[in-house]
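Each chain, written out:
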Amino acid sequence: MMWGNWTIVSEFVLVSFSTLSSELQALLFLLFLTVYLVTLMGNILIILVTTADSALQNPMYFFLRNLSFLEIGFNLVIVPKMLGTLIIQDTTISFLGCASQMYFFFFFGAAECCLLATMAYDRYVAICDPLRYPIIMNRKACAQLAAASWFSGFPVATVQTTWIFSFPFCGPNRVNHFFCDSPPVIALVCADTSLFELEALTATVLFILFPFLLILGSYVRILSTIFRMPSAEGKRKAFSTCSSHLLVVSLFYSTAILTYFRPRSSTSPESKKLLSLSYTVVTPMLNPIIYSLRNSEVKSALRRVIRRTLGPQKL
């Protein structure tokens, strides 16, 4: 639709993986569908187990439950549309649909960054100040920290999305990605975006790099405290309580930082898609697996929940 010298864009086309053969796209569909279902079931299981089992009613598992809710939301925003582009070639997305997807991507992404920092703080207090841990991480404080993490997604999502979609789009509407991420969408804008890019860099530093530095500082103190413990058993037990979180943080931040802090000229669209897959699809699946397999309390709680559900028979 033409208006003056501009073409009013009413929909976008997600390039996704359309350059691949139909056979390979079908294989990717089956792979991503499996990952998607495992992600949903794994995170729902974490939510149910940490809610139902009385032994897991402590701050660490309260935050883990919130993380699982975030991972489910993150997946629901990205994966269903991506599956549609692979199996039925439904590559179009409306202007409003693209804006909504970007908004919730920013919302869940920023909230997860802040929640991971909150979880690191919880482990820091538990290991470095164990006597005051019940006082500092009381029920009210945990609820406030979780609410602050969730709320942090609103300002960045609102400002970024509103700003991007207030720009004029002058005709090209092919988004070279499998979802409406800001860099490929902003590339379609026919206006000066330098001020927005400066704001986007500031937001990235605040909501990705700053929480990462807080996590890094927490773990420096945690490791320093663990190494000063006199007994090997105490060291093992202390490290086991934070190893799962440390692994999840490493997976999430390594790919997010590689995606958003590399120079644009050094990153091809295809390599960025692969990096994006790791933190939008793979990491949400691995989180419940990591917390289940590497955490004896969760495994024991899962057995107790199954026993109560199925009856007294031995598992």
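Conventions we followed
- Residues numbered from 1 in each chain as written.
- Predicted model: local features only at pLDDT ≥ 70, side-chain atom pairs only at ≥ 80, totals over all residues.
- Heavy atoms only, no water.
- UniProt positions renumbered as here; feature names shortened; annotations may be inferred.
- Pairing = 2+ DSSP bridges.
- Helix = DSSP H or I, 4+ residues; strand = E, 2+ residues; numbered from the N terminus.
- Core = buried A, V, L, I, M, F, W, Y, C linked by side-chain atoms within 4.5 Å.
- Buried < 20%, exposed > 50% of the residue type's maximum accessible area, 1.4 Å probe, protein only.
- Contact = heavy atoms within 4.5 Å.
- Phe/Tyr/Trp six-rings, centres within 6.5 Å; stacked < 30°, edge-to-face > 60°.
- Expected span 1.5 Å × (residues − 1).
- Bend = angle between axes of the 7 residues up to and from the residue.
- Salt bridge = Lys/Arg side-chain N within 4 Å of Asp/Glu carboxyl O.
- Patch = residues over 30% accessible without salt bridge, like charges linked within 9 Å, V, L, I, M, F, W, Y side chains within 5 Å.
- Areas by Shrake-Rupley, 256 points an atom, 1.4 Å probe, with all protein chains shown as cover.
- pLDDT = per-residue confidence, 0-100.
- Arc of directions from axis to C-beta.
- Polar contact = N/O pair within 3.5 Å; in protein donor to acceptor, adjacent residues only side chain to side chain.
- Axes fitted to C-alpha atoms, helices over the stretch in contact; angles between N-to-C directions.
- Parallel < 35°, antiparallel > 145°, perpendicular 65-115°, else oblique.
- Nonpolar A, V, L, I, M, F, W, Y, C, P; charged D, E, K, R; others polar.

- The protein chain goes by Olfactory receptor in an unreviewed UniProt entry, where it is assigned to Lynx canadensis.
- Its UniProt record gives the protein chain a comment under Sequence similarities (unreviewed entry), which states: "Belongs to the G-protein coupled receptor 1 family."

1. Quick word on the sheet that holds strand β4 (residues 92-94)
No. 1: Strand order in this open sheet of 3 strands is β4-β3-β5, and the pairing throughout is mixed. Each edge of the open sheet carries a strand with a single partner, namely β4 and β5 (174-175).
No. 2: Summarising the sheet, strand β3 (residues 11-14) and β4 pair through 3 bridges and their orientation is antiparallel. Within β4, the residue paired with E11 across the bridge is S94.

2. As for the nonpolar core
Side chains that are nonpolar tend, in soluble globular proteins, to be buried together.
No. 1: Counting 85 residues, the largest nonpolar core has F12, F32, L116, F165, F169 and V185 as its most contacted members.
No. 2: With residues near it in sequence (within four places) discarded, L116 still touches L67, I215, H245, V248, V249, F252 and Y253.
No. 3: Residues A110, C114, V156 and A203 belong to the second largest nonpolar core, which totals 5 residues.

3. Considerations on the UniProt feature "transmembrane region" (unreviewed entry) in the protein chain
No. 1: Within the UniProt annotation, "transmembrane region" (unreviewed entry) is assigned to residues 26-50, 62-83, 103-121, 142-165, 201-223, 244-262 and 274-293.
No. 2: Taken as a whole, residues 103-121 contains 100% helix and 0% strand, while its terminal C-alpha atoms sit 27 Å from one another.
No. 3: Along residues 142-165 the backbone is 92% helical and 0% strand, and the end-to-end C-alpha distance reaches 36 Å.

4. Considerations on unusual backbone geometry
No. 1: With a phi angle near 50°, S16 is a residue other than glycine that sits in the positive phi range.
No. 2: Among the structural elements, S16 can be located in the loop between β3 and α1 (22-52).
No. 3: Note on S16: relative accessible area 2%, which makes it buried.

5. Concerning the packing of aromatic side chains
No. 1: Counting across every chain of the model gives 24 aromatic pairs.
No. 2: Their ring planes at 85° and their centres at 5.4 Å tell us that F252 and Y253 sit as a pair that is edge-to-face. In this structure, F252 and Y253 share a single accessibility class: buried.

6. Some details on the pairing of β3
No. 1: As paired strands, β3 and β5 are joined by 2 bridges and run parallel to one another. Bridge pairing in β5 places V13 opposite R174.

7. Let's talk about helix α8 (residues 194-227)
No. 1: With 34 residues, α8 extends 47 Å between its outermost C-alpha atoms, agreeing within 8% with the 50 Å of an ideal straight helix rising 1.5 Å per residue.
No. 2: At V205, α8 shows its largest kink, close to 30°.

8. Re the pattern of salt bridges
No. 1: In the structure shown here, the tally under the stated rule is 4 salt bridges.
No. 2: Linking R304 and D53 is a salt bridge whose minimum nitrogen-to-oxygen distance equals 2.8 Å. In this pair, R304 is assigned in helix α11 (residues 296-310) and D53 in the loop between α1 and α2 (59-87), connecting sequence segments 251 residues apart.
No. 3: Given a relative accessible area of 31%, R304 falls into the partly exposed group.
No. 4: Relative accessible area serves as the criterion here: at 2%, D53 is assigned to the buried category.

9. Describing a nonpolar patch on the surface
No. 1: Judged by side-chain polarity, L20, L24, L27 and L30 come together as a nonpolar surface patch covering roughly 340 Å² of accessible area.
No. 2: The topology assignment puts L20 in the loop between β3 and α1.

10. Some words on the confidence of the model for the protein chain
No. 1: When pLDDT is averaged across the protein chain, the result is 86; 93% of the residues are at 70 or more.
No. 2: Ranking the elements of the protein chain by mean pLDDT puts strand β1 (residues 2-3) last with 40 and helix α5 (residues 139-151) first with 95.
No. 3: Note that residues 1-5 has pLDDT below 50 and, in this model, 5 contacts with residues that lie over four places away or in other chains.

11. A closer look at α5
No. 1: Taking 1.5 Å of rise per residue, the 13 residues of α5 would be expected to cover 18 Å, and the 18 Å separating its terminal C-alpha atoms lies within 8% of that figure.
No. 2: The complete set of buried residues in α5 reads A141, C142, A146 and S149. All buried residues of α5 lie within an arc of 130° about the axis, which places them on one face of the element. Residues of α5 that are exposed and angled more than 90 degrees away from the buried face: K140 and F151.
No. 3: Where α5 is buried, its residues contact α2, α3 (95-128), α4 (133-136) and α6 (153-164).
No. 4: A side-chain oxygen of the first residue of α5 lies 3.1 Å from the backbone nitrogen of K140; this N-cap is N138.

12. Considerations on the packing of α5 against α6
No. 1: The N-to-C vectors of α5 and α6 enclose an angle of 5°; their axes lie 5 Å apart at closest approach. Considering the angle they form, α5 stands roughly parallel to α6. For the pair formed by α5 and α6, the contact residues are S149, W150 and F151 on the first element and G153, F154 and P155 on the second.
No. 2: A per-class count over the contact of α5 with α6 returns 4 nonpolar, 2 polar and no charged.

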